[in-house]
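Results of the structural survey
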Amino acid sequence: MADLSADLGFLRLRNPVLTASGTFGYGLEFAPYLDLNRLGGIVVKGLYYGPREGNPPPRLVETASGLINAIGLQGVGVEHFAADVLPELRKYDTAVFVNVCGADNEEYLRVIDFLEGQDGIAGYELNISCPNVKQNGACPALFPEATRLIVAAARARSRRPLIAKLSPNVTSIVDIARAAEDGGADALSLINTILALAVDLETRRPKLGNIFGGLSGPAVKPIALRMTYQVAKAVHIPVIGMGGIMNGADALEFMVSGARAVQVGTANFVEPGAALRIVEEMAAWCDAHGVARVSDIVGTLQA
Amino acid sequence: MPHDPRARIIRRQSWGDFHLFRFESPALAASAKPGQFVMVRTAEGTDPLLRRPISLHDGGDGWMEIFFRVAGRGTALLAERKEGQTLDLIGPLGGGYQLDGEWSGRKAWLVGGGRGIAPLYFLGRALQVRGARVRVFYGGKTRAEIPLAGKFRDAGFDVACSTDDGSLGYRGFVTALLEKELAAGPPAGLFVCGPDPMMERTARLAQARNIPAQISLEAIMGCGFGACWGCVKRIKRQDGGKWRKICEDGPVFAADEIIWDEA
């Protein structure tokens, strides 16, 4: 059987499939549906320092092969996470990444400072790209300098691997990617959701309580692939691709486009065992195509 | 087994937009409680993308039933499923109605509207087993929206129907019928499922008379098992009012916990 391991440089994963932040709860919610030990890794739901209220409902609307969400990062905060969730997650042999949020730069650093004292964390994914917490989707990842500054500040606080999660809602994703690399990120993950609007024609009102939300699911995959390809060509650090991955072929398309690992997101809602099915489908594809190591296909797009 | 991708449909009945599927699912049948629901995949492929939450309507030896109304493209596709075909479902999900305490000889009133009647059959049978005297208030816009009245009567429940147009039973909202009947003396408990305005009105009627009421809320759900945080309602507990997940913390809540006026 093909070697599925994924080398991120700072960390070797069992396989290239991680579960995407915000789509996999704190991981434990999925224990009844799949063996967490067989995942490449888990990126847990975004954490602010304290508990977070989130946005008023409706928070979800389905669109053609897509989902627009405006959850607003409702969550438990670092203290509850460290006391009640992390001890349970430590029982599993999988790489746990914490998605780190902040209302301002200082809060990102407070979250990291708190988590530095906690075992069982493989690294941080800096969530600088959530479109649902400030007006009109504002976030650091829309601006190169803001991105570089927050990544550099986080870098100075921790020796743990640092992944910067990028937003697609920009004119040049490459400029933002380079800024994150300059700031000292160990890897980049992309894409976060695409800022979107759904309209109820009869009431002429937005379908989401937050007005705008973030689009995910198969509808966004071609955009995510394009950005993964552009960014992977432009930076020297590993790229983790995501956006609408529903099956092994989707995941492999991201790897061919330059991603060394992938994240599975919206698919987890539809099929809680999706991430492991995708791992199995990737292995079967490699075997059927005589690919000994899945890492051999990374960045092999002939363009 | 929480995810059953191949539950075989062994019987289906339809009344216009309303459909009832009986399917084989021994694991579900062994553990499901009234008020719980399943997340059902409506079609192959990615459009529709998300599963739909549907109440469990009844259960027996190795089988369960769902009852639903076509409300959009997803449920319309689901309604095309034939006997012998399979359902891909996750469940049982949610906490269900709380039936602890003494029910023998006591009055349990069930209030349902439209597709919201779905969980009340399963619930009524469970209350009946506990010796409760079950009365069902079943409302709809027209007679066509009350397809299960006969089934509820056959089960031995005392059924009172209402329609907005008077085509069956009391003319007016089911909550008005309920209010009229409450004047003659309160039941030991109210159990409610239906459209939000109906549930809010019923909750207020119950609270004004100190009748314990359990309300089963409905929402668009991303996952149904607590991972997406998409289906929240403002719920008041000791820790104050918070957005709580309808799928995981509910879908059934005590009437006095629900804060209705926020989204």
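None of the values given here were measured: they were computed from a predicted structure.

**Notes on the confidence of the model for chain B**
When the pLDDT values of chain B are averaged, the result is 94; 99% of them are 70 or greater. Within chain B, strand β2 (residues 18–24) of chain B carries the highest mean pLDDT (98), whereas strand β14 (residues 240–245) of chain B carries the lowest (84).

**Brief notes about the interface of chain B and chain A**
How big an interface is tends to be stated in terms of the accessible area lost upon association of its parts. Listed by partner, the interface residues are 27 residues for chain B and 34 residues for chain A. When chain B packs against chain A, the two sides together hide about 2,500 Å² of surface, and 65% of this comes from carbon and sulfur. Looking only at chain B, the three residues that lose the most surface to chain A are L49(B), W229(B) and W243(B), adding up to 29% of its buried area. Taken together, chain B and chain A are joined by two salt bridges. The residue R234(B) makes a salt bridge to E53(A) at a minimum N-O spacing of 2.8 Å. Where chain B meets chain A, there are eight residue pairs in polar contact (both at pLDDT 80 or more). Breaking the side of chain B that touches chain A down by element, the ones donating at least two residues are β6 (86–93), β13 (232–237) and β14 of chain B. Its residues assigned to classes, the side of chain B that touches chain A comprises 16 nonpolar, five polar and six charged.

**Let's talk about helix α4 (residues 173–183) of chain A**
All names here are of chain A. Most of α4 is tucked away, with eight of its eleven residues classed as buried. Buried within α4 are the following residues: I173, V174, I176, A177, A179, A180, E181 and G183. Of the surrounding elements, those touching the buried residues of α4 are α3 (144–157), β9 (162–165), β10 (187–190) and α5 (221–234). Just downstream of α4 lies G184, where phi reads positive at about 105°.

**Side note on the side chain of E65(B)**
When you line up the elements, E65(B) lands in strand β5 (residues 63–69). Within the local environment of E65(B), its side chain forms a polar contact with the side chain of K151(B), the two groups lying 3.3 Å apart.

**Considering the sheet that holds β5(B)**
Residues and elements named next belong to chain B. The strand order β1-β2-β5-β4-β3-β6 describes a closed barrel built from six strands, whose pairing is antiparallel. Averaged over all neighbouring strand pairs, the angle between strand axes comes to 45°, with direction disregarded. In the packing of helix α3 (residues 118–129) onto the sheet, contacts are made with β4 (52–59) and β5, and the angle to β4 comes to roughly 30°.

About the cut-offs
- Residue numbers run consecutively from 1 along every chain, following the written order of its sequence.
- The order in which chains are written sets their letters, starting at A; the order in which ligands are written sets their numbers, starting at 1.
- Local features in this predicted model are restricted to residues of pLDDT 70 or higher, and side-chain atom pairs are both shown and tallied only at a pLDDT of 80 or more, whereas totals for entire chains, interfaces and linings draw on every residue.
- Side-chain calculation: all heavy atoms of the structure are included, whereas hydrogens and water are not.
- Think of pLDDT as the predictor's per-residue confidence, scored from 0 to 100.
- Helix and strand assignments come from DSSP, with helices taken as H or I runs of at least 4 residues and strands as E runs of at least 2, each series counted from the N terminus.
- Note on definitions: a residue-residue contact is assigned when non-hydrogen atoms from the two residues lie within 4.5 Å.
- Buried area: the accessible area, evaluated with a 1.4 Å probe, that two parts lose upon being put together, summed over both parts.
- We count a salt bridge whenever a side-chain nitrogen from Lys or Arg sits within 4 Å of a carboxyl oxygen from Asp or Glu.
- Under this definition, polar contacts are N or O atom pairs within 3.5 Å; protein pairs additionally need one hydrogen-donor-capable and one acceptor-capable atom, and for neighbouring residues in sequence, both atoms have to be side-chain atoms.
- Residues are grouped as follows: Ala, Val, Leu, Ile, Met, Phe, Trp, Tyr, Cys and Pro are nonpolar; Asp, Glu, Lys and Arg are charged; every other residue, Gly included, is polar.
- Buried means the residue's accessible area, taken with a 1.4 Å probe over protein chains only, is under 20% of the maximum for its type, while exposed means over 50%, and partly exposed covers the values in between.
- Paired strands, as defined in this entry, are two strands with at least two bridges between them according to DSSP.
- Geometry is summarised by axes, namely lines fitted to C-alpha atoms with helices restricted to the contacting stretch, and by angles between N-to-C directions that run from 0 to 180 degrees.

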